[in-house]
Amino acid sequence: MDTRLVRYFVAVAEEGTLTRAAARLYVSQPALTKQIHQLEERLGVPLFVRSRAGMALTEAGRALARAAPAWLAAHDDMVRDAKGAARRAARVLRVGFLASAANESTTEIIEAFGRARPGWRVEMRQASWADPSAGLTDGDVDAALLRLPFPGQEALRVRVLLTEARLVALPSGHPLASREEIPFEDLWDEPFVAAPAETGAWRDYWLAAEERGDRPPVIGATTEHPDDWLQAIASGYGIALAPESASRFYARPGVTYRRVTGVRPTEIAVAWRPDSDANPVVADFVRSCVASVEGTAPY
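A few points on the structure.

Burial within strand S5 (residues 143–148) is extensive, with 6 of its 6 residues counted as buried. Side-chain alternation along S5 places Ala143, Leu145 and Arg147 on one buried face and Ala144, Leu146 and Leu148 on a second face that is also buried. Note that strand S3 (residues 92–97) and S5 share 3 bridges and pair parallel. In the strand pairing of S5, Val95 is matched with Ala143. Judged from the 6 bridges that link them, S5 and strand S13 (residues 266–272) form a sheet pairing that is antiparallel. Note that in S13 the partner of Leu146 across the bridge is Ala269.

Here we take up the nonpolar core. Side chains of a nonpolar character, in soluble globular proteins, are inclined to be buried together. If you look at the biggest cluster of nonpolar residues, it comprises 47 residues, and the most contacted ones within it are Val168, Phe184, Leu187, Trp229, Leu241 and Tyr257. Those elements giving two or more residues to this core turn out to be S5, strand S7 (166–171), strand S9 (191–194), helix H6 (201–206), helix H7 (226–234), strand S11 (240–243), strand S12 (255–261) and S13. Non-local contacts of Trp229, meaning those with residues more than four positions away in its chain, are made with Trp129, Ala169, Val193, Thr223, Ala240, Leu241, Ala242 and Tyr257. With 21 residues, the next largest nonpolar core counts Phe97, Ala102, Val122 and Val282 among its residues.

The next thing to look at is unusual backbone geometry. In this chain, Leu148 is followed by Pro149 through a cis amide linkage whose omega measures -5 degrees. Looking at the element boundaries, Pro149 is found in the loop between S5 and strand S6 (157–164). Although it is not a glycine, Ala208 sits at a positive phi angle of roughly 50 degrees. Residue position: Ala208 is located in the loop between H6 and strand S10 (218–222).

Cut-offs and rules
Residues numbered from 1 in each chain as written. Predicted model: local features only at pLDDT ≥ 70, side-chain atom pairs only at ≥ 80, totals over all residues. Heavy atoms only, no water. Buried < 20%, exposed > 50% of the residue type's maximum accessible area, 1.4 Å probe, protein only. Helix = DSSP H or I, 4+ residues; strand = E, 2+ residues; numbered from the N terminus. Pairing = 2+ DSSP bridges. Core = buried A, V, L, I, M, F, W, Y, C linked by side-chain atoms within 4.5 Å. Contact = heavy atoms within 4.5 Å.

Coordinates in, geometry out; function isn't part of it.
Rendered as structure tokens:
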């Protein structure tokens with residue numbers, strides 16, 4: 001069975017319509033319809049009754065919807081275990097990250113881990129903002145350097161490493177760019193460049209939803225990668241909150257960073273899966289992270 005077809009089926013079953021499921025999966029509706037038809041042909045049974053109201057599960061569809069989550073989870077565990085074994089055999093620790101990872105401490109962390117684990121190599125894998133766990137939730141990486149909060153955080157181990165202020169990134173020609181400091185309430189009605197809606201708490205945090213009261217954010221553009229994010233801001237599609245380190249790592253013509261008051265600071269953490277608690281290599285990486293940001297010797 002093609003797991004991709006089953007995941008598409010689960011999305012349609014949960015969303016109830018092809019339109020919502022296609023948006024969730026980032027595929028076109030005709031392509032999703034084709035995949036559902038393909039799955040029905042392979043199984044030899046109809047899975048949905050289609051109507052203007054949406055997609056209702058048949059009896060066969062309900063049976064598959066009950067079994068699919070456990071089957072997919074077992075498949076994902078199998079793949080994750082196989083990939084993890086291959087990485088251990090090759091002495092590679094795969095670390096996911098977003099944007100600037102742990103800022104200037106990233107190099108120190110990798111060097112500290114190398115001293116703790118001679119012969120091992122850290123493979124840094126950058127994820128898009130559509131995956132705020134940087135592959136950790138899916139088991140594609142062994143550990144990750146992440147911004148808090150992110151979806152699925154409660155199911156993982158998290159150790160905060162750094163805290164930094166949030167700035168606002170504006171088009172350089174924006175009227176507010178001439179100020180050195182801007183109260184967040186002055187930005188409430190501005191269009192924002194946001195992460196995909198599916199990222200939930202991650203998107204809300206970078207829109208400062210809790211600091212807006214009852215004022216919903218205005219979305220001027222949605223992006224998944226730093227380069228697209230910068231281009232959207234420089235092009236005047238919106239502004240965005242950003243960590244203070246972005247002014248160092250993502251400085252570019254057309255974008256101006258300014259201090260903003262009235263929003264909480266941001267945190268960088270090292271995160272790992274609970275099933276890695278007994279993994280001494282992951283433990284060494286976590287110790288290397290903590291020691292590097294605290295300026296202490298881990299060993």
